[in-house]
Amino acid sequence: MDLWWTEQQTPGLRLGLRCEQVLERRVSSYQEVAVYQTSQYGRLLALDDMVMTTEADEFVYHEMLVHPALSALGRPRRVLVVGGGDGGAVREVLRHPSVERVVLAELDGAVVEACRRHLPSLAGALDDPRVEVCLGDGIAYLAQLPAGAFDAILVDAPDPLGPAEGLFGAPFYADCARVLGERGVLAAQTESPFLHGPLIRAVQAALRGSFSRVGLYWAVIPTYPGAMWTFSIASRGTPLEAEQPAALSTRYWSPEVQAAAFALPPFVRQILAEDPRS
Ligand code: SPD
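Given the structure is predicted, the values throughout are model-derived calculations rather than measurements. (Residues numbered from 1 in each chain as written. Predicted model: local features only at pLDDT ≥ 70, side-chain atom pairs only at ≥ 80, totals over all residues. Heavy atoms only, no water.)

> Explanation requested: the pattern of salt bridges in the structure shown.
A side chain with one charge can pair with a side chain of the opposite charge if their charged atoms come near. Under the defined criterion, the tally for this structure stands at 14 salt bridges. For Arg178, the salt bridge is made with Asp175, and the minimal N-O distance between the two is 2.8 Å. Highlighted residues: Arg178 and Asp175, both in helix α6 (residues 170-180), separated by three residues, approximately one helical turn. Given a relative accessible area of 17%, Asp175 falls into the buried group. (Salt bridge = Lys/Arg side-chain N within 4 Å of Asp/Glu carboxyl O. Helix = DSSP H or I, 4+ residues; strand = E, 2+ residues; numbered from the N terminus. Buried < 20%, exposed > 50% of the residue type's maximum accessible area, 1.4 Å probe, protein only.)

> Is there a simple way to explain the packing of aromatic side chains in this structure?
Under the criterion given, the structure shown has eight aromatic pairs. Ring centres of Trp5 and Tyr36 lie 5.8 Å apart, and the angle between their planes is 40 degrees; on these two criteria the pair is classed as tilted. Here Trp5 is found in strand β1 (residues 4-10), whereas its partner Tyr36 is found in strand β3 (residues 32-38), with 31 residues between them in sequence. Like Trp5, the residue Tyr36 is buried in the burial classification. Ring centres of Tyr61 and Phe231 lie 5.7 Å apart, and the angle between their planes is 45 degrees; this geometry places the pair in the tilted category. Taken as a pair, Tyr61 in helix α1 (residues 58-73) and Phe231 in strand β12 (residues 228-235) lie far apart in primary sequence, 170 residues in all. For Tyr61, a relative accessible area of 3% corresponds to the buried category. Residue Phe231 is classed as buried on the basis of its relative accessible area of 0%. (Phe/Tyr/Trp six-rings, centres within 6.5 Å; stacked < 30°, edge-to-face > 60°.)

> I'm lost on helix α3 (residues 109-118) in this one. Help?
For an α-helix, 3.6 residues make a turn, and residues three or four places apart therefore share a direction. With seven of 10 residues buried, α3 lies mostly within the body of the structure. Turning to α3, its buried residues number three or more, namely Gly109, Ala110, Val111, Val112, Ala114, Cys115 and His118. Turning to α3, the residues buried within the fold contact β2 (13-27), β3, β4 (43-47), β7 (101-106), α4 (120-123) and β8 (131-135). Where α3 begins, one side-chain oxygen reaches toward the backbone nitrogen of Ala110, 2.9 Å away; that side chain belongs to Asp108. (Contact = heavy atoms within 4.5 Å. Polar contact = N/O pair within 3.5 Å; in protein donor to acceptor, adjacent residues only side chain to side chain.)

> Is there a simple way to explain the pairing of β4 in this structure?
Within a regular strand, side chains alternate between the sheet's two faces. With four of its five residues buried, β4 lies for the most part within the structure. Looking at chain direction, β3 and β4 are connected through five bridges and run antiparallel. Paired with Tyr36 across the strands is Leu44, a residue of β4. Taking the residues that link successive antiparallel strands as the turn, the β3-β4 hairpin has four residues, and the phi of Gly42 there is positive, at about 70 degrees. Looking at chain direction, β4 and strand β5 (residues 50-54) are connected through four bridges and run antiparallel. For Leu45, the partnering residue across the bridge sits in β5 and is Thr53. Where β4 hands over to β5, the hairpin turn is made up of two residues, of which Asp48 adopts a positive phi near 45 degrees. (Pairing = 2+ DSSP bridges.)

> Please explain the side chain of Ser98 as it appears in this structure.
With respect to the helices and strands, Ser98 occurs in the loop between α2 (88-93) and β7. Once residues within four sequence positions are removed from consideration, Ser98 is found in contact with Gly74, Arg75, Pro76 and Arg77.

> Is there a simple way to explain the sheet that holds β4 in this structure?
Each strand in a sheet pairs with its neighbour through backbone hydrogen bonds, running either in the same direction (parallel) or in the opposite one (antiparallel). Taken in spatial order, the five strands make up an open sheet running β1-β2-β3-β4-β5, and their pairing is antiparallel. Looking at strand neighbours, the two that pair on one side only are β1 and β5, the edges of this open sheet. In this sheet, neighbouring strand axes are inclined to one another by 45 degrees on average, regardless of whether the strands run parallel or antiparallel. As paired strands, β2 and β3 are joined by seven bridges and run antiparallel to one another. Considered in β3, the bridge of Gln21 is made with Gln37. Of the strands in this sheet, β2, β3 and β4 are in contact with α3, which crosses β2 at around 90 degrees. (Axes fitted to C-alpha atoms, helices over the stretch in contact; angles between N-to-C directions.)

Encoded structure:
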């Protein structure tokens, strides 16, 4: 039988992957959580039929979400990951030897359970004794934290739909700035310049409302809509591009790749230059 899984990425764009096996498919209190064995990209985690991660390209996304922010800090100790229930971002955080504590604030326990069962190369990181998994709303979790509670916040959000929409808004970033204090650094996934220009522009404008330093960088993630993917990074004081980034055992991120990732093609600079209200 020829079984294909498809994501309707926009009304005019679909991604299709040949699927060898459905490893898990269940409806949680929040969404449909599914893991497929694909023939091209290994195992795939999908939430409500949207790719969250695949074994083949997850390293690009997770390394690039995590390492620029943690390198900027030099010796990060306390890190909060919002979303990211698959554990891939936590795995990358733990590569930094100075890290003492990582909190994963994930809305849906079903995502964590499915990834523990089927994506151990990511979720295995959640068993590290430095990691605490807090299930529930990330925005509410952040709201009850004291100022300066974390050195870094990494927003590993799904697409800005439903409950995740708040993770792309000014009130959330203002609370991140409070929890990070003067030295902390935030990094967030901010979608594709090919498909989400207005969102990227709005996020960057919202970040500038709470942080004095704001940057954008990018990487290529083949299974995400548009493939070219952006990350926003922000701080109130810490320079965003480390002079001597950490030496880490990684597959995509490197100090050279990081430096290149901050070079924005003219069409992306144009997106940022337009009026945020357009
Ligand atoms: N359209 C896909 C966007 C997904 C971003 N977050 C993925 C979570 C992986 N840890």
